[in-house]
Amino acid sequence: MLRVDQVVSGYGAIDVLNHVTISLDKGEIIAVLGANGAGKTTLLRTITGLIRVRKGAVTFGDKVLNGLSPAEVVKCGISHVPEGRHIFPDLTVEENLLLAAYIMPRSQQKSRLDAMYAMFSILADRRKQAGGTLSGGEQQMLALARGLMPNPRLMLLDEPSLGLAPKIIGTVFDTLAHLRESGVSILLVEQNAKRSLELADRAYILVTGQVALEGTAHELSGNEMVKQLYLGGTR
Amino acid sequence: MSIDIFLNLTVRGLTTGAIYALVGMGIVLILQTTNVMNFAQGDTGMFITYLAFFMITTAKVPYSLVLILAIAAGAVVGLLVERFMMRSVRSRSHLSLIMLTLGLSLLFQGLAAFLFNTEPRLFPPLVSGDPIKIGPVILGRQDIVVLLAAIVTFGILYLFLYRTKQGAAARSISQDEYAARVLGIPTPSIYMLIWAIGSAMAGLAALLIVPRFSLEPSFMGLVQVKAFTAIVLGGMGSVFGAAVGGLIIGVVENLVAYQFPAIKDSFMLIVIVIVLLVLPQGLFGKGQQRRL
């Protein structure tokens, strides 16, 4: 469904991604692992049109995404939950959610909003509260709900567990597993390699802007290099 | 100073303050959403006033239509400025955007001088007739229009920001522009819309105050300085702060001018310095993070 084909992109004079090729089928959860600076976030930003594809192609279904604006990419059915959540602190929970479905007609916005409140009851309780007053875990739920508002076929998640208590991380990953069942495909970028490999179908390891390793999550969990570098090592 | 004089000075100060508020609100709206301090706000209004003058004298547009046409012209000017000037520089450096507005200010002055020459002209008030007496206060008809226009504009702006999805989008951009883009909000069209609204407000303000001066390319210069004082006092951060700041400046200025006419204009610079020293957040500022 999603194909990132030999993509080069970056900032200013520097190419961060060097001929990265990644694919994702409908209903899959793909994890992209790698150290800081390996290009994980850049990969997501390139797919969503926040930064330009310099070489190669990004296609979604039979649509070429190269050169589309972030707004147009959302319209194609891809949403992006950014690292650090980026909740609008002074807007209410409801305003945060509605803005994520900016392009939708009013009636559709309303039904998506109800669906989100049904899925995340904590957000329904806090709908009139300013986003900045939520706890970290609640903000992550709001960020996930914002990602789901436009009813995407594919969700890009950047470090959804970052800075959260272990118990909340569990809730986040349970939510992601639940999303898979509802038919949303997920491209997950994570530092938490163990959790990600448990959840994902397949995974890619990025090292300095290139795919160093790819395979099923099961294969990669057993790989010695992966164990050493990302799973805390084994003696 | 008798109480009657005090009341008259205060009310008359409020009408002047309403103009500063209109100019200031436009500056804050553009500043908070697009992160650009628009030094051309006053001269945008000046240029639109010239266009209105042209409509009246040469194109013989009926007087009742001029206000609406001038506001529309302001919106179009704002749209063009964003689309063809600001947008292409936006990705480069922030400083160049601000310099660009300074250049824009000179451009409008030059254009006005070139198209209409610099001869000062009289611009008649939108409404004429004898002043109206309300209790001890005597108020010109145009002054009443000014007050009403400021109140209505503030109301419309509030409804726009808090009741429409474009307004919510503008507020979201002011808090976290990156997040707004990630969510798929079409930020370029919001910027265009905000420049259009801000410039229309500049046109309205200039058109309402021009009868007190004469129409010449520099007539909005001092008004803009006062509007800046108003937004510093209001705390840069909020449209509401700019409105209140404008009214306070208008009243204080009028009272000072009555007692010490010589320092009327320089007094505002003293106010800026004092506010920045004693109350750098202004009256309603909340620090950096809140922008609308």
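Bear in mind the structure is a predicted one, so any value in this text is a computation, not a measurement.

Calculation rules
- Residues numbered from 1 in each chain as written.
- Chains lettered and ligands numbered in written order.
- Predicted model: local features only at pLDDT ≥ 70, side-chain atom pairs only at ≥ 80, totals over all residues.
- Heavy atoms only, no water.
- Helix = DSSP H or I, 4+ residues; strand = E, 2+ residues; numbered from the N terminus.
- Rg over C-alpha atoms; globule rule 2.2 N^0.38 Å.
- Buried < 20%, exposed > 50% of the residue type's maximum accessible area, 1.4 Å probe, protein only.
- Contact = heavy atoms within 4.5 Å.
- 1 Å grid on protein atoms, 1.4 Å probe; cavity = no way out; pocket = protein on both sides within 12 Å on 5 of 7 lines; lining within 4 Å.
- Points joined across faces, edges and corners; volume = space filled by probe spheres on them.
- Nonpolar A, V, L, I, M, F, W, Y, C, P; charged D, E, K, R; others polar.
- Axes fitted to C-alpha atoms, helices over the stretch in contact; angles between N-to-C directions.
- Parallel < 35°, antiparallel > 145°, perpendicular 65-115°, else oblique.
- Left-handed = near helix turned anticlockwise from the far one by under 90°.
- Buried area = accessible area lost by both parts, 1.4 Å probe.
- Salt bridge = Lys/Arg side-chain N within 4 Å of Asp/Glu carboxyl O.
- Polar contact = N/O pair within 3.5 Å; in protein donor to acceptor, adjacent residues only side chain to side chain.
- Pairing = 2+ DSSP bridges.
- Core = buried A, V, L, I, M, F, W, Y, C linked by side-chain atoms within 4.5 Å.
- Phe/Tyr/Trp six-rings, centres within 6.5 Å; stacked < 30°, edge-to-face > 60°.

Chemist: How would you explain the overall build of chain B if you had to name every residue and give the values?
Modeler: Each helix and strand in chain B was counted, giving eleven helices and two strands. Reading chain B from its N end, one meets helices and strands in the order α-α-α-α-β-β-α-α-α-α-α-α-α. Rg of the C-alpha trace for chain B: 19 Å, near the compact-globule value of 19 Å for 292 residues, within the 12% margin. Its C-alpha atoms give chain B principal-axis dimensions of roughly 60 × 50 × 35 Å. A buried classification covers 52% of the 292 residues belonging to chain B. Across chain B, every contact between residues at least 6 apart in sequence was considered, and the portion connecting residues at least 24 apart equals 76%.

Chemist: Outline the layout of surface pockets, listing residues and values.
Modeler: Put simply, the largest pocket is a space of about 670 Å³. Lining the largest pocket are 25 residues, and of these G49(A), L50(A), S91(B), R181(B) and P188(B) sit closest to its centre. Elements with a contribution of two residues or more to the lining of the largest pocket: helix 1 (40-47) and helix 2 (70-76) of chain A together with helix 3 (63-90), helix 7 (177-182) and helix 8 (187-209) of chain B. Considering only residue class, the lining of the largest pocket consists of twelve nonpolar, seven polar and six charged.

Chemist: So what's going on with the packing of helix 10 (residues 239-259) of chain B against helix 11 (residues 266-278) of chain B? Which residues, and what values?
Modeler: Residues and elements named next belong to chain B. Viewed as axis vectors pointing N to C, helix 10 and helix 11 meet at an angle of 130°, and their least axial separation amounts to 10 Å. Between helix 10 and helix 11, the interaxial angle falls into the category oblique. Crossing of helix 10 against helix 11: the hand is right-handed. Two secondary-structure elements touch here, helix 10 through I249, V252, E253 and V256 and helix 11 through F267, M268 and V271. Classifying every residue of the contact of helix 10 with helix 11 gives six nonpolar, no polar and one charged.

Chemist: Break down the interface of chain B and chain A for me, citing the residues and quoting the values.
Modeler: Between chain B and chain A, the contact holds 20 residues from the first and 19 residues from the second. Where chain B abuts chain A, roughly 2,000 Å² becomes buried across the two surfaces, and 61% of that area is made up of carbon and sulfur atoms. The interface formed by chain B and chain A contains one salt bridge. Viewed at the interface, chain A and chain B are joined by five residue pairs in polar contact (both at pLDDT 80 or more). Taken together, the elements giving at least two residues each to the side of chain B that touches chain A come down to helix 6 (165-175) and helix 7 of chain B. In terms of residue count, helix 6 of chain B provides more of the side of chain B that touches chain A than any other element does, seven residues in total.

Chemist: How would you summarise the sheet that holds strand 2 (residues 14-24) of chain A if you had to cite specific residues and measurements?
Modeler: All names here are of chain A. What the four strands build is an open sheet, ordered 2-1-4-5; its pairing is antiparallel. Strands at the two margins of the open sheet, each flanked by one partner only, are strand 2 and strand 5 (63-64). Of the pairings in the sheet, the one linking strand 4 (residues 55-60) to strand 5 comprises two bridges and is antiparallel in character. Across the sheet, the residue bridging to T59 is V64, located in strand 5. In the packing of helix 1 onto the sheet, contacts are made with strand 1 (2-11), strand 2 and strand 4, and the angle to strand 1 comes to roughly 110°.

Chemist: Got a sec to walk through the nonpolar core? Specific residues and values, please.
Modeler: Residues and elements named next belong to chain A. M155 and L176 are the most contacted members of the largest nonpolar core, which totals 130 residues. Excluding anything up to four places from it in sequence, L176 contacts I29, L144, L157, I186, L188 and L199. In terms of nonpolar packing, the next biggest core, distinct from the first, is built from 26 residues, V4, A38, Y204 and L206 among them.

Chemist: Summarise the side chain of S185(A); cite the residues concerned and give the values.
Modeler: Residues and elements named next belong to chain A. Locating S185 in the fold gives a position in strand 8 (residues 185-190). Taking relative accessible area as the criterion, S185 reaches 1% and is therefore assigned buried. Beyond its immediate stretch of four places on either side in the chain, S185 contacts M1, L24, D25, K26, G27, E28, R153, L154 and M155.

Chemist: How would you sum up the pairing of strand 10 (residues 210-216) of chain A? Please name residues and give values.
Modeler: All names here are of chain A. Examined bridge by bridge, strand 9 (residues 202-207) and strand 10 share six bridges and lie antiparallel to one another. Residue L206 lies in a different strand from strand 10, and its bridge partner there is V211. Joining the antiparallel neighbours strand 9 and strand 10 is a turn of two residues, in which T208 adopts a positive phi near 40°.

Chemist: If you had to explain the sheet that holds strand 9 of chain A to someone new, which residues and values would you point to?
Modeler: Residue and element names in this part refer to chain A. Taken together, six strands build an open sheet; the order of strands is 6-7-8-3-9-10 and the sheet is mixed. Looking at which strands have only one partner, the edges of the open sheet turn out to be strand 6 (78-81) and strand 10. Taken over all neighbouring pairs, the strand axes of this sheet differ in orientation by 15° on average, direction set aside. Inspection of the sheet shows strand 3 (residues 29-34) paired to strand 8 by five bridges, in the parallel sense. The partner of I30 across the bridge, within strand 8, is L187. Against the sheet, helix 6 (residues 136-148) engages strand 6 and strand 7 (154-158), with an angle of about 165° to strand 6.

Chemist: A description of the environment of A35(A) should follow, citing residues and the corresponding values.
Modeler: Residues and elements named next belong to chain A. Tracing the chain through its elements places A35 in the loop between strand 3 and helix 1. Accessibility expressed as a relative area gives 41% for A35, which makes it partly exposed. Sequence separation of A35 and M155 is 120 residues, and the distance between their C-alpha atoms is 22 Å. When sequence neighbours within four positions are dropped, the list of residues in contact with A35 reads K40, L206 and Y230.

Chemist: Describe the packing of aromatic side chains, naming the residues involved and giving the relevant values.
Modeler: Aromatic ring pairs are reported here in terms of the distance separating the ring centres and the angle at which the planes meet. Residue and element names in this part refer to chain B. Applying the stated criterion across every chain yields a total of nine aromatic pairs over all chains. Judged by centre distance (6.0 Å) and plane angle (40°), the ring pair of F53 and F123 falls under tilted. Here F123 lies in the loop between helix 4 (94-116) and strand 1 (132-134) and F53 lies in helix 2 (residues 41-57), a separation of 70 residues in the sequence. With respect to burial, F53 and F123 carry one shared label: buried. Note on F213 and F219: the rings are 6.3 Å apart at their centroids and 45° apart in plane angle, and the pair reads as tilted. For F213, a relative accessible area of 37% puts it in the partly exposed group. Judged by relative accessible area, which is 6%, F219 ranks as buried.

Chemist: Before we move on, can you summarise unusual backbone geometry with the specific residues and values?
Modeler: Not every positive phi belongs to a glycine, and Q6(A) is a case in point at roughly 50°. When you line up the elements, Q6(A) lands in strand 1. The phi dihedral of K60(B) falls on the positive side, at around 55°, and the residue is not glycine. When you line up the elements, K60(B) lands in the loop between helix 2 and helix 3. Exposure remark for K60(B): the relative accessible area of 62% places this residue in the exposed category.

Everything listed here is a matter of geometry and, on its own, says nothing about what the molecule does.
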